[in-house]
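Report on the structure
Here are the chains, one letter per residue:
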Amino acid sequence: MTDALPHPVPAKRWAYVIPVAAIMYMLAYLDRNNVSVILPYMHGDLALSNADKGLVGGVFFIGYVFLQIPAAILAQRWSARKTVLILMLAWGLAASLSGLVQTKSQFYVARFVLGLFEGGVWPAVLILLASWFPLRERARANALWMACLPLSSVLMAPLSGWMLDHASWRWVLVFQGLPPLLWAVVWWFTVADRPARARWISRAEAGHLERALAADEAAKPTSGSGSYLDAVRQRPVLVLIGVYFFWITGFYGFNLWLPSVIKELTHDGSATEVGLLTALPFTVALIVMIANAVWSDRTGRRRQAVAVPLVVGIAALLLGQAVDGALPRMLLLCLTAAALYAPYGPFWAIPGELLRFEVVAVAMGLINALGNLGGFAGPYLVGWLTDATGSSVTGFAVLSAFLAVAVVLVALGLRPVTRTERRPAVLTAEEGA
């Protein structure tokens, strides 16, 4: 049924919810990924081998697993706003304290704790967005929020590089843990759990959203008994876990080692130079990521929007190991980054199309928890294989194989969800926001 109104419904949610959530997670991603810029410039501190550096990047994701489902349930049953606030304060403190470590074992623990507190943020925000954006807008909303991932690298990699040229890596970690503590104030006074609780939204927009979201829920198939366990046993959920694991293995394996590859291309350039060049692939990724999400929402072709970019990423990763010359390799790094970021918006729109709101929280928490174990596997595999072979070629070839498995799972394991099956609520002109 069309929610017909005499005038276009206001769309303040795009200006309030998305930017505040994006900046919040951009700070989280900074505290997660700044280590990739720092590692090449630790100059023997803590006596880290390449395998140790891979473990520093990967152990974060061991901690990342534990609060995924609890935070998702808290966000859905209690409050996404309060859940994220608590986690934001905790991860900011953990990030700053990681600059005070004295041994590599302490560094491992610090990274584990940081992952523990950051782990619950992702599913909690996905639950929040599901309360603000109907299915027809969901991939765009997800992608605009998740644009904070490449945007964080675009802005923060040069900043981290510049800071490293003027301060020790310890102080960089300490200072970069402080912004989440400040942004928590903005989060608390701006974000609401759902439209009816927001002070800044018009009643027309709130009512329109409530009706559109209710229509989305009514159109979804029931999840068996409606229990969490019954939902996560569904074949599509298990396939999504597999897709995310193999994709994220390649994703974080590439991300952690990108600054090291660029440092090699610049023949040991300064931290500022490496940071600026590292921003280029993520700038391309940001543009492609949003464009792919818009295409996915307009066509409803979620599987293609996930699988095709990953195929491109495989080709670019392999070609990058075969070509010579700084410029061709840099162009392939840009192509790889774009391909690995592009599936984010469409991928995270899929669970909301398959599962009802009361169970999708746990399903998304489980997908993110088990899938992000690939964030441990990817960086560690590349580091270990680099130590074992004396070259990163084997490591990146293995990452390509993991991405190939993700493509096969998408192509063979996920049944297309057609627009007729989804029957999304028809929005007015404001949906183009």
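Residues numbered from 1 in each chain as written. Predicted model: local features only at pLDDT ≥ 70, side-chain atom pairs only at ≥ 80, totals over all residues. Heavy atoms only, no water.

**Here we look at the overall build of the chain**
Spelled out, the test is: A run of DSSP states H or I qualifies as a helix once it reaches four residues; a run of E qualifies as a strand once it reaches two. Both are numbered from the N-terminal end. Exposed residues in this analysis have more than 50% of their type's maximum accessible area, buried residues have under 20%, and partly exposed residues fall in between, with area computed by a 1.4 Å probe over protein chains only. In this description, contact between two residues means that some pair of their heavy atoms is separated by no more than 4.5 Å. Computed with the Shrake-Rupley method and a 1.4 Å probe, the accessible areas treat only the protein chains shown as cover for residues.
On a plain count of helices and strands, the chain comes out with 20 helices and zero strands. Here the chain, with 433 residues, has 60% of them falling under the buried criterion. In the chain, the proportion of contacts linking residues at least 24 apart, taken out of those at least 6 apart, comes to 86%. Total accessible area on the chain stands at roughly 16,300 Å², and carbon and sulfur atoms take up 69% of it.

**Remarks on the packing of aromatic side chains**
The description of two aromatic rings rests on the distance between their centres and on the angle between their planes. Definition in use: Each pair of aromatic rings taken from Phe, Tyr and Trp, with Trp reduced to its six-membered ring, is defined by centres within 6.5 Å and is described as stacked if the planes are under 30 degrees apart, edge-to-face if over 60, and tilted in the remaining cases. We count a charge as sitting over a ring when the NZ of a lysine or the CZ of an arginine lies within 6 Å of the ring centre and within 35 degrees of the ring normal.
Applying the stated criterion across every chain, the model contains 27 aromatic pairs. An angle of 15 degrees between the planes, with centres 5.1 Å apart, marks the rings of Tyr 244 and Phe 347 as stacked. Here Phe 347 lies in helix H16 (residues 344-354) and Tyr 244 lies in helix H12 (residues 235-265), a separation of 103 residues in the sequence. There is no split in this pair, since Tyr 244 and Phe 347 are both buried. Judged by centre distance (5.6 Å) and plane angle (40 degrees), the rings of Phe 246 and Phe 402 are tilted. With Phe 246 in helix H12 and Phe 402 in helix H19 (residues 393-413), this residue pair connects regions lying 156 residues apart in the sequence. Look at Phe 246 and you get partly exposed, because its relative accessible area is 21%. Put simply, the rings of Tyr 25, Trp 122, Trp 145, Tyr 244, Trp 247, Phe 251, Phe 282, Tyr 341, Tyr 344, Phe 347 and Trp 348 touch in pairs and so form one group of aromatic residues. Its guanidinium or amino end placed over the ring of Trp 188, Arg 81 lies 3.6 Å from that ring's centre, counting from NZ or CZ.

**Considerations on the packing of helix H1 (residues 12-38) against helix H7 (residues 148-164)**
Quick note on the threshold: In this analysis an axis means a line fitted to C-alpha atoms, helices contributing only their contacting stretch, and an angle means the value between N-to-C directions, from 0 to 180 degrees. Roughly parallel means an angle under 35 degrees; roughly antiparallel, over 145; roughly perpendicular, 65 to 115; everything else is oblique. With the far helix as reference, a near helix turned anticlockwise by less than a right angle produces a left-handed crossing, and one turned clockwise produces a right-handed crossing. Residue type decides the class: Asp, Glu, Lys and Arg count as charged, Ala, Val, Leu, Ile, Met, Phe, Trp, Tyr, Cys and Pro as nonpolar, and the leftover types, Gly among them, as polar.
Contact geometry of H1 with H7 gives a least axis separation of 8 Å together with a crossing angle of 50 degrees. With respect to each other, H1 and H7 are oriented oblique. Both H1 and H7 take part in a crossing whose hand is right-handed. Between H1 and H7, the residues in contact are Ala 22, Tyr 25, Met 26, Leu 27, Tyr 29, Leu 30, Asn 33, Asn 34, Val 37 and Ile 38 and Cys 148, Leu 149, Leu 151, Ser 152, Ser 153, Leu 155, Met 156, Ala 157, Ser 160, Gly 161 and Leu 164, respectively. Looking at the contact of H1 with H7, its residues break down into 15 nonpolar, six polar and no charged.

**Looking at a nonpolar patch on the surface**
So the rule is basically this: Within this analysis, patches are made of residues with over 30% relative accessible area and no salt bridge. Like charges are joined at 9 Å or less; nonpolar side chains (Val, Leu, Ile, Met, Phe, Trp, Tyr) at 5 Å or less. Criterion for a salt bridge: a side-chain nitrogen of Lys or Arg within 4 Å of a carboxyl oxygen of Asp or Glu.
Judged by side-chain polarity, Leu 74, Trp 78 and Ile 86 come together as a nonpolar surface patch covering roughly 300 Å² of accessible area. By the secondary structure assignment, Trp 78 is in helix H3 (residues 68-97). Exposure remark for Trp 78: the relative accessible area of 43% places this residue in the partly exposed category.

**Section: the environment of Pro 259**
By the element assignment, Pro 259 lies in helix H12. Take Pro 259: its relative accessible area is 1%, and that puts it in the buried class. On a C-alpha basis, the gap between Pro 259 and Ala 271 in space is 9.4 Å, while along the polypeptide they are twelve residues apart. Not counting residues up to four positions away in its chain, the partners in contact with Pro 259 are Ser 36, Val 37, Val 274 and Thr 278.

**What about empty space enclosed by the protein?**
Where we set the bar: Using only the protein atoms, space was sampled on a 1 Å grid; points where a 1.4 Å probe fits but cannot get out form cavities, open sets with protein on both sides within 12 Å along at least five of seven lines form pockets, and lining residues are those with an atom within 4 Å of a point. Grid points are joined across faces, edges and corners, and a volume is the space filled by probe spheres set on the points.
Tallying each qualifying case throughout the model produces six cavities of 30 Å³ or more. What lines the largest cavity is a set of 15 residues, and nearest its centre among them are Asn 33, Ser 36, Val 37, Ser 153 and Ala 157. Elements supplying a minimum of two residues to the lining of the largest cavity: H1, H7, H12 and helix H13 (271-299). Among the elements that take part in the lining of the largest cavity, H1 stands out by supplying six residues, more than any other. Residue composition of the lining of the largest cavity, grouped by class: seven nonpolar, eight polar and no charged. Roughly 90 Å³ of volume is contained in the second largest cavity. Lining the second largest cavity are Phe 254, Val 261, Ala 316, Leu 317, Gly 320, Gln 321, Arg 329, Leu 332, Leu 333, Thr 336 and Phe 396. Every element with two or more residues in the lining of the second largest cavity is listed here: H12, helix H14 (302-322) and helix H15 (326-341).

**Section: the confidence of the model for the chain**
Selection rule: pLDDT is defined as a per-residue confidence score from the predictor, taking values between 0 and 100.
Counting all residues, the mean pLDDT for the chain is 81, and 89% of those residues have values of 70 or more. Confidence over residues 1-7 falls short of pLDDT 50; this stretch has seven contacts with residues more than four positions distant or in other chains.

**Focus: helix H4 (residues 104-118)**
What counts here: Each residue after the first adds 1.5 Å to the expected span of a helix.
The end-to-end C-alpha distance of H4, which contains 15 residues, comes to 21 Å, matching closely the 21 Å that a straight helix rising 1.5 Å per residue would cover. At its buried positions, H4 is contacted by H1, helix H2 (50-64), H3, helix H5 (121-130) and helix H8 (169-176).

**A look at the pattern of salt bridges**
Evaluation of the coordinates by the stated rule reveals seven salt bridges. In this structure, the salt-bridge partner of Lys 104 is Asp 52, at a minimum N-O distance of 3.1 Å. Within this pair, whereas Lys 104 is found in helix H4, its partner Asp 52 is found in helix H2, the two being separated by 52 residues in sequence. Residue classification places Asp 52 among the buried positions, given a relative accessible area of 13%. Several salt bridges converge on common partners, so that one network encompasses Arg 13, Glu 137 and Glu 205.

**Brief notes about the side chain of Gln 68**
The condition that has to hold: Any N or O atom pair separated by 3.5 Å or less is treated as a polar contact, with the protein-specific requirement of one donor-capable and one acceptor-capable atom, and with residues adjacent in sequence counted only for side-chain atom pairs.
Here Gln 68 shows up in helix H3. Using a relative accessible area of 0% as the deciding quantity, one classes Gln 68 as buried. For Gln 68, the side chain forms a polar contact with the main-chain oxygen of Tyr 64, separated by 3.3 Å. Apart from residues lying up to four places away in sequence, Gln 68 is in contact with Gly 119, Gly 120, Pro 123, Gly 365, Asn 368 and Ala 369.

**What about helix H9 (residues 179-190)?**
Condition: Arc definition: directions from the helix axis to the C-beta atoms.
Relative to the 16 Å expected for twelve residues at 1.5 Å per residue, H9 spans 17 Å between its end C-alpha atoms, a close match to the ideal helical length. By the burial criterion, the buried members of H9 are Pro 180, Ala 184, Trp 187 and Thr 190. Down the axis of H9, the sector holding all buried residues measures 145 degrees, keeping them to one side. Among the exposed residues of H9, those oriented more than 90 degrees off its buried face are Leu 182 and Phe 189. Of the surrounding secondary structure, the elements contacted by the buried residues of H9 are H1, H3, H5 and H8.

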